[in-house]
Amino acid sequence: MDFQPLHYIYKPSQNPQAATLLLLHGTGGNEHDLIPIAESLGTDFNILSLRGNVLENGMPRFFRRLGMGIFDEKDLEFRTHEMIAFIKEISEKEGFDLSKIIALGYSNGANIAGASLFLEPDFLAGAILFRPMLPFKDTLPAAAKSRVPVFLSSGKNDPTVDPNATENYLEVLTKAGFDTAHFELNTSHNLTQQDLDLAAEWLGKYFN
């Protein structure tokens, strides 16, 4: 496969047994965007923050889309495998544990994190998905070996995400064996402090 490397920032924890927060930005973001959020969630995590390899009108993304809310699913599948291969490669260089990766993705980043749950369900130890959408319309997740915990938060007034589609997404993940927790907040597509507080509480429950 013609995989390309991704720009990244890696910040190790002082704890040699630490899990790694995999930061995946939204459309137009970069590898710096989510680091303050990750740092607010505690100091016991390594941080691995990636920049998407796709540009849309000059804005970085993790995969192409055909229109608002319409994913190029073939490109999403390719970019997901590209991202996972890259993470496996640099885990040896940076020295973090591949079995302890927790994705933290916002919007476009949440969607490629979700795609990894579908395509390689045992790759992530957990996932925090802020404002996610169902990554594949007709592809079901492969069966996971363990009940990987997944946090999802959505905005009641989000114009880009259909609430019915979110319910379908939750049903698909739950049927595939993921341990899902969904929070519907009184907000739009933007992140709020409530998202971060809930994510911190969820992390403490599963990864302390």
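Rules behind the numbers
Residues numbered from 1 in each chain as written. Predicted model: local features only at pLDDT ≥ 70, side-chain atom pairs only at ≥ 80, totals over all residues. Heavy atoms only, no water. Buried < 20%, exposed > 50% of the residue type's maximum accessible area, 1.4 Å probe, protein only. Helix = DSSP H or I, 4+ residues; strand = E, 2+ residues; numbered from the N terminus. Pairing = 2+ DSSP bridges. Right-handed = clockwise from strand over helix to strand, strands pointing away. Salt bridge = Lys/Arg side-chain N within 4 Å of Asp/Glu carboxyl O.

1. Section: the pairing of strand E8 (residues 101–106)
Residues in a regular strand project their side chains so that they alternate between the two faces of the sheet.
So, step 1. By the criterion of burial, E8 is predominantly enclosed, with six of the six residues buried.
So, step 2. Burial along E8 is two-sided: Ile 101, Ala 103 and Gly 105 facing one way and Ile 102, Leu 104 and Tyr 106 facing the other are all buried.
So, step 3. Pairing analysis gives five bridges linking strand E2 (residues 19–24) to E8, with the strands arranged parallel. Note that in E8 the partner of Leu 22 across the bridge is Ala 103.
So, step 4. With helix H3 (residues 108–119) bridging E8 and the parallel strand E9 (residues 126–130), this β-α-β connection has right-handed handedness.

2. A look at the pairing of strand E3 (residues 45–50)
So, step 1. Of all six residues making up E3, six are buried, and the element is well covered by its neighbours.
So, step 2. Here E3 shows a buried face lined by Phe 45, Ile 47 and Ser 49 and a second buried face lined by Asn 46, Leu 48 and Leu 50.
So, step 3. Pairing of strand E1 (residues 8–11) with E3 involves four bridges; the strand directions are antiparallel. Residue Lys 11 lies in a different strand from E3, and its bridge partner there is Ile 47.
So, step 4. One ladder, built from six bridges, connects E2 with E3; its direction is parallel. Residue Leu 22 lies in a different strand from E3, and its bridge partner there is Leu 48.
So, step 5. In terms of handedness, the path from E2 via helix H1 (residues 35–40) over to E3 forms a crossover that is right-handed.

3. Brief notes about the environment of Asn 57
So, step 1. Considering the arrangement of structural elements, one finds Asn 57 in the loop between strand E4 (54–56) and strand E5 (59–61).
So, step 2. The exposure class of Asn 57 is exposed, given its relative accessible area of 77%.
So, step 3. With 105 residues separating them along the chain, Asn 57 and Asp 162 place their C-alpha atoms 25 Å apart.

4. Description of the pattern of salt bridges
So, step 1. Within the structure shown, the criterion is met by 11 salt bridges.
So, step 2. Close ionic contact of Arg 51 with Glu 31 constitutes a salt bridge, the shortest N to O distance being 2.8 Å. One end of the pair, Arg 51, is in the loop between E3 and E4; the other, Glu 31, is in the loop between E2 and H1, with 20 residues separating them in the sequence.
So, step 3. Between Arg 131 and Asp 195 there is a salt bridge whose closest N-O contact spans 2.8 Å. With a gap of 64 residues between them, Arg 131 in the loop between E9 and strand E10 (149–155) and Asp 195 in helix H5 (residues 193–207) connect regions that are remote in the sequence. Here Arg 131 and Asp 195 have matching classes, each one buried.
So, step 4. Connected through salt bridges with shared partners, the residues Arg 64, Asp 72, Asp 75, Arg 79 and Glu 82 form a single ionic network.

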